[in-house]
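Tertiary structure, described
Each chain, letter by letter, is given below.
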Amino acid sequence: TKVNGDISALSGMTGLTYLNINNTKVNGDISALSGMTGLTYAAFGGTNITGSLESVKNLKKLQLIHLYKTAVAGDISILADITSMEEISLNESKVSGDITSLKNMILLKTFNVGSLCSGYFKTLCEGMRAQGRNSGKLSIKAYGGNVKVDSSTDFPNNIVTATFSSSGVTYDGI
């Protein structure tokens, strides 16, 4: 689109709850959002946003974050305490780390994992069950990297879905 400019122009909008600038020419450092504590929807995919993932760790109401095709970097564990998260998209970003650190995100439904991430999907799901997740689905797509289904199963080139129930977790797409 034709939207462009520096994201710092939005830094004073601390009451903002929804921000979708996916696939625009917006640039700047993601730290401009650190004061937007009411933000629930943060879509920055396909932009020239840079900076540290650390800048969003206090946005505890986030339900969605899209950082695909950005230069935002940091360890994925920074997001671990944002338990309201339902959707994460990190493909082609600079975010790294072990996906199992997100076990507290028991509301997570969609997870597009970047190539710099690692860990086992089944271990993540088992951790979510231990945290009380007994219903719903989690669909994950791994874009290269070191994310595996488990220690002996590479991630397939498709979406894998975990279905949680009171009797356990079942997997489709493996």
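Just so it is clear, the structure is predicted and the values come from calculations on it, not from any experiment. Residue indices begin from 1 for each chain and proceed along its sequence in written order. Only residues with pLDDT of at least 70 are given local features in this predicted model, and only at 80 or more are side-chain atom pairs given and counted; all residues enter the totals for whole chains, interfaces and linings. Remark: hydrogens and water are excluded; side-chain values derive from all non-hydrogen atoms of the structure.

Salt bridge, as used here, is a side-chain nitrogen of Lys or Arg placed within 4 Å of a carboxyl oxygen of Asp or Glu. Inspection of the entire model under this criterion finds 4 salt bridges. A salt bridge links Glu 86 to Lys 109; its shortest N-O distance comes to 3.7 Å. A residue pair is termed long-range when its members are at least 10 positions apart, and Glu 86 in the loop between strand S7 (71-75) and strand S8 (87-89) and Lys 109 in the loop between strand S9 (94-98) and strand S10 (110-113) qualify at 23 residues. Burial here depends on accessible area, computed with a 1.4 Å probe over protein chains only, as a share of the maximum for the residue type. Under 20% is buried, over 50% is exposed, and the range in between is partly exposed. Judged by its relative accessible area of 27%, Glu 86 falls in the partly exposed class. Across the salt bridge formed by Lys 122 and Asp 150, the nearest N and O atoms sit 3.7 Å from each other. Pair noted here: Lys 122 is in helix H1 (residues 121-130) and Asp 150 is in strand S13 (residues 146-150), with a separation of 28 residues, a long-range link. Secondary structure elements follow DSSP: runs of H or I no shorter than four residues count as helices, runs of E no shorter than two count as strands, and numbering proceeds from the N terminus.

Turning to H1, a few remarks are in order. Along H1, the residues classified as buried are Phe 121, Leu 124, Cys 125, Gly 127 and Met 128. Taken end-on, H1 shows its buried residues confined to a sector of 160°, consistent with a single buried face. Exposed and oriented more than 90 degrees from the buried face of H1 are Glu 126 and Ala 130. It only takes one pair of heavy atoms within 4.5 Å for two residues to be counted as in contact. The inward-facing, buried residues of H1 contact S10, strand S11 (117-120), strand S12 (137-142), S13, strand S15 (160-165) and strand S16 (168-172). Immediately beyond the C-terminal end of H1, within one or two residues, lies Gly 132, with a positive phi of roughly 110°. What the arc describes is the spread of directions from the helix axis to the C-beta atoms.

Peptide bonds are, in most cases, trans, and in most cases residues other than glycine have a negative phi. Of note, Lys 69 is a non-glycine position whose phi angle comes to about 55°, a positive value. Structurally, Lys 69 is set in the loop between strand S6 (64-66) and S7. With a relative accessible area of 45%, Lys 69 lands in the partly exposed category. Within the chain, Glu 92 stands out as a residue other than glycine whose phi angle is a positive 60°. Residue placement: Glu 92 occurs in the loop between S8 and S9.

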